[in-house]
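Structural characterization, general
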Amino acid sequence: MDDTDLRKAEVWQLKYKSTDFNPKLIFKDSKDKKEVLFALSFFLAIMSIEILFNQPFKKKIGIFHNNFYKSLFKKNYERLDRIELNSFGFSLFIILQKLFEEQETLKSNAKDIIKNVISHWSHIEGTNKKDFGRKLKRINLLWDENKNTILSRTYESRIDLIFSLYKSFEIGIGDKDIIKKNISVLIFSVSKAQKEFRYDVLNELKKKKI
């Protein structure tokens, strides 16, 4: 896989960083559907990251990318890398479920949106093109496995995604009370993220009538 998508994300983020990523300006600049979806995907990536890192047990999980750590502790790094990939995937899926509830027509663009999100996320993390391809492959696989749940609008499907997100952290705690407490915190974090969904972005998106 070439690095076109990564370079596109780099140029795009550099261009709009000085505007504090103002959605009104960004969507005004977006001339076609492809550009609109790429802009939307940046905000979806940020919302997913907010779910991922807004956890009181994040230090215990140790979610981060660190190439120096990778070279010294390969086995542990592989676990952390797996946790990061899977947990970001399910965080994204929770955000996508909310997006599709608000804008159902975007369901047909799910794979393009996922690729764009991974491009933005990968650039934010300084990922190389090889790891970008690996990330995209893994998230697409998770999408294929969970597509029906993500596209469902039921309360049960949302809870299923939250449980999948919790399991992806691989905390490994056997105490049921602690698990219950952690899941309650996770549900609160997800609910907060959905209540604070970027409707300013969605409103600008709707103006484009894609």
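Residues numbered from 1 in each chain as written. Predicted model: local features only at pLDDT ≥ 70, side-chain atom pairs only at ≥ 80, totals over all residues. Heavy atoms only, no water.

1. Considering the packing of helix 1 (residues 4-17) against helix 7 (residues 110-125)
Geometry of a packed helix pair, given as the angle between the helix axes and the separation of the axes. Their axes nearest at 8 Å, the elements helix 1 and helix 7 cross at an angle of 70 degrees. By the angle between their directions, the pair helix 1 and helix 7 is classed as roughly perpendicular. The two elements helix 1 and helix 7 meet at a crossing, and its hand is right-handed. For the pair formed by helix 1 and helix 7, the contact residues are Asp-5, Leu-6, Ala-9, Glu-10, Trp-12 and Gln-13 on the first element and Lys-115, Ser-119, His-120, Ser-122, His-123 and Ile-124 on the second. Across the contact of helix 1 with helix 7, the residue classes break down as four nonpolar, five polar and three charged. (Axes fitted to C-alpha atoms, helices over the stretch in contact; angles between N-to-C directions. Helix = DSSP H or I, 4+ residues; strand = E, 2+ residues; numbered from the N terminus. Parallel < 35°, antiparallel > 145°, perpendicular 65-115°, else oblique. Left-handed = near helix turned anticlockwise from the far one by under 90°. Contact = heavy atoms within 4.5 Å. Nonpolar A, V, L, I, M, F, W, Y, C, P; charged D, E, K, R; others polar.)

2. Focus: the packing of helix 7 against helix 8 (residues 129-151)
Following both chains from N to C, one finds helix 7 and helix 8 inclined at 140 degrees, their axes separated by 10 Å at the closest point. As summarised for this structure, helix 7 and helix 8 are arranged oblique, according to the angle between their axes. Relative to helix 8, the crossing made by helix 7 is right-handed. Contacts from Ala-110, Lys-111, Ile-114, Lys-115, Ile-118, Ser-119, Trp-121, Ser-122 and Glu-125 in helix 7 reach Phe-132, Lys-135, Leu-136, Ile-139, Asn-140, Trp-143 and Asp-144 in helix 8. Of the residues belonging to the contact of helix 7 with helix 8, the class tally is eight nonpolar, three polar and five charged.

3. Here's the deal with the confidence of the model for the protein chain
In this model, the protein chain carries an average pLDDT of 85, and 86% of its residues clear a pLDDT of 70 or more. Note on residues 60-69: pLDDT is under 50 here. Beyond four places in sequence and across chains, it has 27 contacts. (pLDDT = per-residue confidence, 0-100.)

4. Details of the environment of Lys-135
On the secondary structure map, Lys-135 appears in helix 8. Spatially, the C-alpha atoms of Lys-135 and Ser-122 are 8.3 Å apart, while their sequence positions differ by 13 residues. Engagement of the side chain of Lys-135 in a polar contact is seen with the side chain of Glu-125, the distance being 3.3 Å. (Polar contact = N/O pair within 3.5 Å; in protein donor to acceptor, adjacent residues only side chain to side chain.)

5. Description of the packing of aromatic side chains
For any pair of aromatic rings, geometry is given as the distance between the ring centres together with the angle between the planes. Tallied over the full model, the rule gives 11 aromatic pairs. Here the aromatic cluster, defined as three or more aromatic residues joined through ring pairs, consists of Trp-12, Tyr-16, Phe-21, Phe-27, Phe-38, Phe-42 and Phe-43. One Lys or Arg, Lys-135, reaches over the ring of Trp-121 and ends 3.8 Å from the middle of that ring. (Phe/Tyr/Trp six-rings, centres within 6.5 Å; stacked < 30°, edge-to-face > 60°. Lys NZ or Arg CZ within 6 Å of the ring centre and 35° of its normal.)

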